[in-house]
Structure formats: C-alpha cells, structure tokens
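Chain residues, written in single-letter form:
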Amino acid sequence: MTFEEYAFARTAALVRLARLLTGDEHRAEDLVQDVLAKAYAHWGRISRTDQPDAYVHRMLVNANHSWWRRRSRREITTDTTIDRAGGADEAAGVVERDALWRLVRDLPTQQRTVIVLRYYEDLDDAAIAEILQCSTGTVRTHARRALQALRKRQDAPAPARTGGM
C-alpha cells in the first residue's frame, strides 16, 4: 500500500482518534497532519511492518503526549457550545454524551488514552498495549482505574452553586 492510499483511507479515522485524545477538533487535525508528515518520511519502513495502522496509532498517541508536555501555559482552552435546532430526545442524548465526555477528559492521560482506544476505537488489550508500548496488564489496570473513577464521578452529586446574581 502506498502512503497516499493509506492516508486517503485512514485520515478520517485518525482525526477521530486524535479528536478523542485531545478533546479539540482543530488540535486533532494539526496532530494528524504532523503525524502523517512524519509517517510519509518513513513510509518505506512503516509499510513493511505487519501492522502499519498500529504503528501510526502509536505515533499519534506519542505525539499527543509530547504536545501536552511542551504545551505553553499561556494557551487557555474553553468549552464552547453551538446552538442547533433539534428534537428534545436528541438534546438529551447530546447532554448525556457531553457529560460523559467531560468526565473522560478529566481522567489522567494514560487512563483517558486507554478508554479512547478501547471504547471509541474498539481495540483489544493487546493492540492497546502495543500502541502504548506496555503490558496488557497495565492496559487493564488503567482501564479498571478509569472506569472506577468515571463511576465515582458520575454518581457524585453535582456541586451546589452559591453566590448571588
């Protein structure tokens, strides 16, 4: 498979994975672009591996972790909402998904990465371990701790709002 064929076939899935890892659509697109540029330079070696997809996923996860380490503290991210017309059922589903995604975003990086790869990318423990370069036991530990934290946070009552106005 040529690099162009790979990029054409997998870019949308890579952007989806990056968006889930970063929580920011624009940062995800930049991350995928950077990773694909690096992959292009080494495509001869990558294409000879048994699983070029796993190799590129690992590059994407590593690039995301590197970005968080070198990120400037001057950058401030904010949550934005876009009002769109829709039915009440659709709105309830969006609210529920948004609340769950906020909980996932608050997880530590490794736990969030495991949850995204397992439940959004539908990868098994062995594939996740290969991408993260760790043991399957470590993957299961991160997943268990993440799910425990999500359950605890989801069951916790919402903080009471105080103050005037």
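Residues numbered from 1 in each chain as written. Predicted model: local features only at pLDDT ≥ 70, side-chain atom pairs only at ≥ 80, totals over all residues. Heavy atoms only, no water.

## Some thoughts on the packing of helix α6 (residues 109–120) against helix α7 (residues 125–132)
Contact pair α6 / α7: the axes reach a minimum separation of 10 Å and the direction vectors enclose 135°. As judged from the angle between their axes, α6 and α7 are oblique. Seen from above, α6 lies across α7 with right-handed handedness. Across the interface between the two elements, Gln-110, Thr-113, Val-114, Leu-117 and Arg-118 of α6 pack against Asp-125, Ile-128, Ile-131 and Leu-132 of α7. In the contact of α6 with α7, the residues fall into five nonpolar, two polar and two charged. (Axes fitted to C-alpha atoms, helices over the stretch in contact; angles between N-to-C directions. Helix = DSSP H or I, 4+ residues; strand = E, 2+ residues; numbered from the N terminus. Parallel < 35°, antiparallel > 145°, perpendicular 65-115°, else oblique. Left-handed = near helix turned anticlockwise from the far one by under 90°. Contact = heavy atoms within 4.5 Å. Nonpolar A, V, L, I, M, F, W, Y, C, P; charged D, E, K, R; others polar.)

## Brief notes about the nonpolar core
With 39 residues, the main nonpolar core has Leu-14, Val-32, Val-56, Leu-60 and Leu-107 as its most contacted residues. Not counting the four nearest positions on each side in its chain, Val-56 is found in contact with Tyr-6, Leu-14, Val-35, Trp-43 and Ile-46. (Core = buried A, V, L, I, M, F, W, Y, C linked by side-chain atoms within 4.5 Å. Buried < 20%, exposed > 50% of the residue type's maximum accessible area, 1.4 Å probe, protein only.)

## Looking at the confidence of the model for the protein
Summarising the model, the protein shows a mean pLDDT of 81, and 80% of its residues fall at 70 or more. Helix α5 (residues 88–105) is the least confidently modelled element of the protein, averaging 78 in pLDDT, while helix α2 (residues 25–41) averages 91, the highest of any element. (pLDDT = per-residue confidence, 0-100.)

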